Amino acid sequence: MATATAVETKENLGVFTNPKHELYISSCSPAKEELNPGPGEVLVHVRASGICGSDIHFQRHGRVGPTMVVREEHILGHESAGVVIAVHPSVKDLVVGDRVALEGSEPCHTCEECLHGKYNGCPQMLFKSTPPVPGFLRRYVKQKAQWCHKIGDMSYEFGALLEPLCVALAGIEKAGVKLGDPVVICGAGPIGIISALCARAAGAEPLVITDIDQNRLDFAKSVVPGIRTVLVKRDQIAEEIGDEIVKAAGLRPAIAIECTGVESSVAAGIFSLKFGGIIHVIGVGADYQNLPFMHLSVNEIDIRLQYRYANTWPRAIRLVNSGLVDVSSLVTHRYAIEESVEAFKTASDAKARAIKVMILDEPE
């Protein structure tokens, strides 16, 4: 028998989309009579959730890639933190009142990928907010205790920012950024800016970031010490962008970390690199893309790609708690869960100049 919830609960609300691309707030599971966590589970009151670009993509386009498709009413959200309000007796390492960041992964633990520690590649993965698995953008959620990371007295907003930080950390590690490496970050959205913060913490120098939006580049300069910027014109060819990156850096970068998934941006990163360079693509883009194959070939440039992350959360927590990666400026807009539709409008509107839009329940 699970322990009772430690607080009086409200109606459980969730943020939904569907195959008609509607976005709405409605009652959701677990309902009040279903709140008791099962074996290995805790019940979490989700206090903060960031809106990810994939949330917007699922709502607007109904899919990300050929396999992740919205086919029914679907709860969004996978960047969340909250407080434990009920614990099943089988759970020994969490107690009511613990602040936790929620990792969306739920792999099988038995496949080759899982046994080698690469659980992000688990073919049986159930990842929160990836259809058909409902996400965290709701007031209450049952979560496997294993995937609840204690954050101590860290704010819920910072806890929610750990997920995009984990994406960036996986990118920095896979790209192999080392002290003194010249690096370019392509794209100054949330993942691009967090990747720049991580690259700076890892010792990248010089460090350049590109974007089509001057406001985002200005924001990057305000939060990433010493970063250099390149404003990309919408009709500019990739070779020219590459030349501007080289000019801004003062040399050809060794590593490009691409955070948009846009074909022209990937190509620009490639054209900027030195012989033997690495382009690591974090961004999600079109199913098929044209790339400068022969330029890659004759310059021995490696292409690396990334799917989510694995084993990054403890490091992310240490980096934020130590202040080595400062995420304090990233949240630009805040909304109550009841205002989630408006929050998504802001996150989707370039004129709003949003970096990270946060949805809160009972703000601190």
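The structure under discussion appears in the preceding block.
As a starting point, this report considers the structure included with it. (Residues numbered from 1 in each chain as written. Predicted model: local features only at pLDDT ≥ 70, side-chain atom pairs only at ≥ 80, totals over all residues. Heavy atoms only, no water.)

Focus: the pattern of salt bridges
Following the criterion strictly, the structure yields twelve salt bridges and no others. One salt bridge connects R200 with E205, and the closest N-O pair in it is separated by 3.1 Å. The exposure class of E205 is partly exposed, given its relative accessible area of 39%. Two residues, R228 and E205, come together in a salt bridge whose shortest N-O distance is 3.6 Å. One end of the pair, R228, is in strand β13 (residues 228–231); the other, E205, is in the loop between α4 (190–202) and β12 (207–211), with 23 residues separating them in the sequence. What makes R228 partly exposed here is its relative accessible area of 31%. (Salt bridge = Lys/Arg side-chain N within 4 Å of Asp/Glu carboxyl O. Buried < 20%, exposed > 50% of the residue type's maximum accessible area, 1.4 Å probe, protein only. Helix = DSSP H or I, 4+ residues; strand = E, 2+ residues; numbered from the N terminus.)

Considerations on the side chain of S129
By secondary structure assignment, the location of S129 is in the loop between α2 (112–115) and β9 (140–144). Looking at S129, its side chain comes within polar contact range of the side chain of H78, at 3.0 Å. The residues touching S129, leaving out its near neighbours within four places in the chain, are D55, F58, H74, I75, L76, G77, H78, P134 and G135. (Polar contact = N/O pair within 3.5 Å; in protein donor to acceptor, adjacent residues only side chain to side chain. Contact = heavy atoms within 4.5 Å.)

A few points about the nonpolar core
Grouped together as the largest cluster of nonpolar side chains are 68 residues, with contacts concentrated most on L162, L165, I193, L207 and I257. The element that contributes the greatest number of residues to this core is helix α3 (residues 156–175), accounting for twelve residues. Setting aside anything within four residues of it in sequence, one finds L162 in contact with A101, I151, M154, W313, A316, I317 and V320. In terms of nonpolar packing, the next biggest core, distinct from the first, is built from 20 residues, V230, V232, V266 and A268 among them. (Core = buried A, V, L, I, M, F, W, Y, C linked by side-chain atoms within 4.5 Å.)

Focus on the pairing of strand β16 (residues 302–305)
Relative to β16, strand β15 (residues 278–281) runs parallel, the two being bridged by four bridges. What sits directly across from H280, in β16, is R304. (Pairing = 2+ DSSP bridges.)

Re α4
Taking 1.5 Å per residue, 13 residues should reach 18 Å; α4 reaches 18 Å between its end C-alpha atoms and fits that length. Listing the buried residues of α4 in full gives G192, I193, I194, S195, A196, L197, C198 and A199. Considering only its buried residues, α4 is in contact with α3, β11 (183–186), β12 and α5 (214–223). (Expected span 1.5 Å × (residues − 1).)

A closer look at the packing of helix α6 (residues 238–249) against helix α7 (residues 263–272)
Between α6 and α7, whose axes approach to 7 Å, the crossing angle comes to 50°. In terms of their interaxial angle, α6 and α7 are classed as oblique. Along this stretch, α6 crosses α7, giving a crossing that reads as right-handed. Contact residues: α6 offers A238, E239, I241, G242, I245 and V246, while α7 offers S264, A267, A268, F271 and S272. In terms of residue class, the contact of α6 with α7 is made up of seven nonpolar, three polar and one charged. (Axes fitted to C-alpha atoms, helices over the stretch in contact; angles between N-to-C directions. Parallel < 35°, antiparallel > 145°, perpendicular 65-115°, else oblique. Left-handed = near helix turned anticlockwise from the far one by under 90°. Nonpolar A, V, L, I, M, F, W, Y, C, P; charged D, E, K, R; others polar.)

Here's the deal with the sheet that holds β13
A sheet is described by the order of its strands in space; here six strands give the open sequence β13-β12-β11-β14-β15-β16, paired in parallel fashion. Unpaired on one side and paired on the other, β13 and β16 mark the two borders of the sheet. Within the sheet, the average angular offset between the axes of one strand and its neighbour, ignoring direction, is 20°. As judged from the four bridges shared by β12 and β13, these two strands associate in the parallel manner.

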